[in-house]
Amino acid sequence: HTPFSIGLGDAVFTKDLHFWINEFAMTLFFLVIGLEVKREIAEGVLSNARHAALPLAAALGGMVPFTAGAFPWPPTSPSRLACS
């Protein structure tokens, strides 16, 4: 675990090199995926609502179960409904 620091003046952020490589790789991956989806929606196959319906339904189908699992229904106690 090789420590690697980034800083400016007194503000220094130190993590190991493995952390920095993982963060850079994930940032680059999601940037490229986001640009590709944007291009497809703007001028590609997904610019037609009929062609975009199945990928959109699949994306929502992949997100909804995880979101629903985070908020069990019915709630186990009324206090879960209150904002604190």
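Conventions we followed
- Residues numbered from 1 in each chain as written.
- Predicted model: local features only at pLDDT ≥ 70, side-chain atom pairs only at ≥ 80, totals over all residues.
- Heavy atoms only, no water.
- pLDDT = per-residue confidence, 0-100.
- Helix = DSSP H or I, 4+ residues; strand = E, 2+ residues; numbered from the N terminus.
- Phe/Tyr/Trp six-rings, centres within 6.5 Å; stacked < 30°, edge-to-face > 60°.
- Buried < 20%, exposed > 50% of the residue type's maximum accessible area, 1.4 Å probe, protein only.
- Lys NZ or Arg CZ within 6 Å of the ring centre and 35° of its normal.
- Salt bridge = Lys/Arg side-chain N within 4 Å of Asp/Glu carboxyl O.

Q: Hey, could you run me through the confidence of the model for the chain in this one?
A: Atom-level detail of predicted coordinates should not be read off regions where pLDDT is low. Per-residue pLDDT for the chain averages 85, and the proportion of residues at 70 or more is 87%. The least confident element of the chain is helix α2 (residues 49-70), whose mean pLDDT is 87; the most confident is helix α1 (residues 17-43), at 93.

Q: Just checking my understanding: could you explain the packing of aromatic side chains for this structure?
A: Aromatic ring pairs are defined here through the distance separating the ring centres and the angle between the ring planes. Scanning the entire structure with this criterion turns up five aromatic pairs. Each ring, one from Phe19 and one from Trp20, has its centre 5.4 Å from the other, and the planes form 80°; the classification is edge-to-face. According to the relative accessible area criterion, Phe19 is partly exposed, its value standing at 26%. Seen in terms of ring centroids, Phe29 and Phe30 are 5.0 Å apart; in terms of plane orientation they differ by 80°. Their pairing is edge-to-face. An aromatic cluster is present here, built from Phe4, Phe13, Phe19 and Trp20 joined pairwise through their rings. Just above the ring of Phe19 sits the side chain of Lys15; from NZ or CZ to the centre is 5.4 Å.

Q: Looking at this model, I keep getting lost on the pattern of salt bridges. Mind explaining?
A: Working definition: two side chains of opposite charge can pair if their charged atoms are close together. Counting across every chain of the model gives two salt bridges. With a closest N to O distance of 3.2 Å, Glu36 and Arg39 form a salt bridge. Pair noted here: Glu36 and Arg39 are both in helix α1, with a separation of three residues, about one helical turn. The class of Glu36 is partly exposed, set by a relative accessible area of 38%. For Arg39, a relative accessible area of 39% gives the class partly exposed. The salt bridge partner of Glu40 is Arg39, with a shortest N-O separation of 2.9 Å. Within this structure, Glu36, Arg39 and Glu40 form a network of salt bridges that share partners.

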